[in-house]
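# Commentary on secondary and tertiary structure
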Amino acid sequence: MNRFVLRQSLLLLLTATIWGVAFVSQSVGMDYVGAFTFNAARSLIGAAVLIPCIALLKKTQGKNGDQEVHKKEDKKTLLTGGICCGVILALASSFQQFGIMYTTVGKAGFITAMYIILVPILGIFLKKKAGLRVGISVVIAVAGLYLLCMTESFRLEAGDMLVLICALIFSFHIMVIDHFSPLVDGVKMSCIQFLTCGILCGICMFLFEEPKPAMILAAWKPILYAGVMSCGVGYTLQIIGQKGMNPTVASLIMSLESVISVLAGFVLLDEVLSKRELFGCALMFGAIVLAQLPKADDKRREDGIYVRDF
């Protein structure tokens, strides 16, 4: 594994960690506010957090003598990518929130993580080959997720269908980021993404819910964590970490959020892991390691002999 792939993989692993821990804050936050209210608040906070980050990065680039050239086409691409990601994120997060309300957390976690299967399937239509080893890793990861999350008979109810739609939309989200991330500034695109998502969820909040400032203030801790860490930091790391990575491998790494959410529940909520769940965690980590093992041609690629999409 070359240094670039290792760095990107670690960024995506950090993303999965932040998202996994955010599951606790998301659950607590829903005790006070509705789904659209929670998503709107966390998204707008995420966008606000990134504004000073963008200014700081621009100032740092100026001190280093880097001249950032802004073309009309680049700005258009940035705006298009940010809005597309924001619309998709608003749809996915909303379907997930409502799905969790009508199904068990275990089934919701497993179905949401089905994007690790859906991403390579979508990649086939976009002529992105994942390879046999990655395919085997996906199968192992799904088996691990099943053991980790499923504790009852698998049967799709109304809530399950909502979460399944969420998984499909998240798959498109990963593919859209894979397309735009090499073309634009990741932090700026993430900021536009959250602003778009926050506005859309905010409109739905006023149309379908009755947001009360007192209840939002009561949920300030989970909303703040979800906004600053899960949105502002997590999704930005996803955009940066996915740059140059195989989207199937990226989805495998990010699916570790299911494992980390269970571990976070164990540490923060005193939830006990069964042997079945621990074995599921082990399978998930094994799948990630298998997908990231160096190939025979990695050394030649690093030496510049040839470059091939993997």
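Given the structure is predicted, the values throughout are model-derived calculations rather than measurements.

## Side note on the overall build of the protein
- Each helix and strand counted, the protein has 14 helices and zero strands in total.
- When the helices and strands of the protein are read in sequence order from the N terminus, they spell out α-α-α-α-α-α-α-α-α-α-α-α-α-α.
- Per-residue burial for the protein yields a buried fraction of 48% across its 310 residues.
- Pairs at least 24 residues apart make up 92% of the contacts formed inside the protein by residues separated by at least 6 positions.
- Approximately 15,700 Å² of the protein is accessible, and the part contributed by carbon and sulfur atoms is 70%.

## Observations regarding the packing of helix H5 (residues 115–125) against helix H11 (residues 247–254)
- At a closest axis distance of 9 Å, the pairing of H5 and H11 adopts a crossing angle of 175 degrees. By the criterion of interaxial angle, the relationship of H5 to H11 is roughly antiparallel. On H11, the residues that touch Tyr115, Ile116, Val119 and Pro120 of H5 are Pro247, Thr248, Ser251, Leu252 and Met254.
- In terms of residue class, the contact of H5 with H11 is made up of seven nonpolar, two polar and no charged.

## What to know about the packing of aromatic side chains
- Per the counting criterion, the structure on display carries two aromatic pairs.
- Judged by centre distance (6.1 Å) and plane angle (35 degrees), the ring pair of Phe36 and Phe208 falls under tilted. Taken together, the residues span a long stretch of sequence, with Phe36 in helix H2 (residues 35–63) and Phe208 in helix H8 (residues 186–208) at a distance of 172 residues.
- Residue Phe36 is classed as buried on the basis of its relative accessible area, which comes to 11%.
- Among the aromatic side chains, those forming a connected cluster through ring pairs are Phe36, Phe98 and Phe208.

## Observations concerning the state of the cysteines
- Counted under the stated rule, the structure contains zero disulfides.
- Free of any disulfide, Cys85 has its nearest neighbouring cysteine sulfur in Cys84, separated by 7.0 Å.
- Here Cys204 is not disulfide-linked; the sulfur of Cys201 is the nearest cysteine sulfur, at 6.4 Å.
- Owing to a relative accessible area of 23%, Cys204 belongs among the partly exposed residues under this scheme.

## What about the environment of Trp220?
- Inspection of the secondary structure assignment puts Trp220 in helix H10 (residues 220–242).
- Relative accessible area serves as the criterion here: at 48%, Trp220 is assigned to the partly exposed category.
- Linking Trp220 and Arg42, residues 178 residues apart in sequence, is a C-alpha distance of 9.9 Å.

## As for the side chain of Ser25
- The residue Ser25 is located in helix H1 (residues 3–29) in this model.
- Note on Ser25: relative accessible area 9%, which makes it buried.
- Here Ala22 takes part through its backbone oxygen, which lies 2.8 Å from a polar atom of the side chain of Ser25.
- In contact with Ser25, other than residues within four places in its own chain, are Phe38, Pro222, Tyr225 and Ala226.

## Some thoughts on H5
- Those residues of H5 that fall on the buried side of the exposure criterion are Tyr115, Ile116, Val119, Pro120, Leu122 and Gly123. On an axial view of H5, the arc spanned by its buried residues comes to 160 degrees, and they lie on one face. Pointing more than 90 degrees away from the buried face of H5 are the exposed residues Ile124 and Phe125.

## A few points about H10
- In H10, a bend of some 30 degrees at Ser230 exceeds every other bend along the element.
- Residue Gly244 follows H10 closely and has a positive phi angle near 85 degrees.

## Examining the nonpolar core
- Ile116, Phe170, Met189, Phe194 and Met254 are the most contacted members of the largest nonpolar core, which totals 61 residues.
- Discounting residues that sit within four places of it in the chain, Met254 has contacts with Leu12, Ala16, Trp19, Tyr115, Ile174, Gln238 and Gln242.
- Listed in part, the six residues of the second largest apolar core include Val33, Phe38, Ala41 and Ala226.

## Examining the side chain of Ser9
- You can see Ser9 is positioned in helix H1.
- Here the side chain of Ser9 touches Val5 through a polar contact of 2.7 Å, landing on its backbone oxygen.

## Let's talk about the confidence of the model for the protein
- The predicted model of the protein averages 78 in pLDDT, with 81% of residues at 70 or higher.
- Averaged pLDDT values for the elements of the protein fall to 44 in helix H14 (residues 298–302) and rise to 93 in H8.
- For residues 298–310, every residue scores under 50 in pLDDT, and the model assigns this stretch 14 contacts once sequence neighbours within four places are set aside.

## What about a nonpolar patch on the surface?
- Taken together, Leu44, Leu79, Ile83, Val87, Leu91, Leu195, Ile199, Leu200, Ile203, Leu207 and Phe208 make up a surface patch of nonpolar side chains, about 990 Å² in accessible area.
- Mapped by element, the contributors of at least two residues to the nonpolar patch are helix H3 (72–101) and H8.
- By residue number, the principal contributor to the nonpolar patch is H8, which donates six residues.

## Notes on the environment of Cys84
- Take Cys84: it is sitting in helix H3.
- Classification of Cys84 by relative accessible area gives partly exposed; the value is 31%.
- In this structure, the C-alpha to C-alpha distance between Cys84 and Gln193, residues 109 residues apart in sequence, is 7.5 Å.

Conventions and cut-offs
Residues numbered from 1 in each chain as written. Predicted model: local features only at pLDDT ≥ 70, side-chain atom pairs only at ≥ 80, totals over all residues. Heavy atoms only, no water. Helix = DSSP H or I, 4+ residues; strand = E, 2+ residues; numbered from the N terminus. Buried < 20%, exposed > 50% of the residue type's maximum accessible area, 1.4 Å probe, protein only. Contact = heavy atoms within 4.5 Å. Areas by Shrake-Rupley, 256 points an atom, 1.4 Å probe, with all protein chains shown as cover. Axes fitted to C-alpha atoms, helices over the stretch in contact; angles between N-to-C directions. Parallel < 35°, antiparallel > 145°, perpendicular 65-115°, else oblique. Nonpolar A, V, L, I, M, F, W, Y, C, P; charged D, E, K, R; others polar. Phe/Tyr/Trp six-rings, centres within 6.5 Å; stacked < 30°, edge-to-face > 60°. Disulfide = S-S within 2.5 Å. Polar contact = N/O pair within 3.5 Å; in protein donor to acceptor, adjacent residues only side chain to side chain. Arc of directions from axis to C-beta. Bend = angle between axes of the 7 residues up to and from the residue. Core = buried A, V, L, I, M, F, W, Y, C linked by side-chain atoms within 4.5 Å. pLDDT = per-residue confidence, 0-100. Patch = residues over 30% accessible without salt bridge, like charges linked within 9 Å, V, L, I, M, F, W, Y side chains within 5 Å. Salt bridge = Lys/Arg side-chain N within 4 Å of Asp/Glu carboxyl O.

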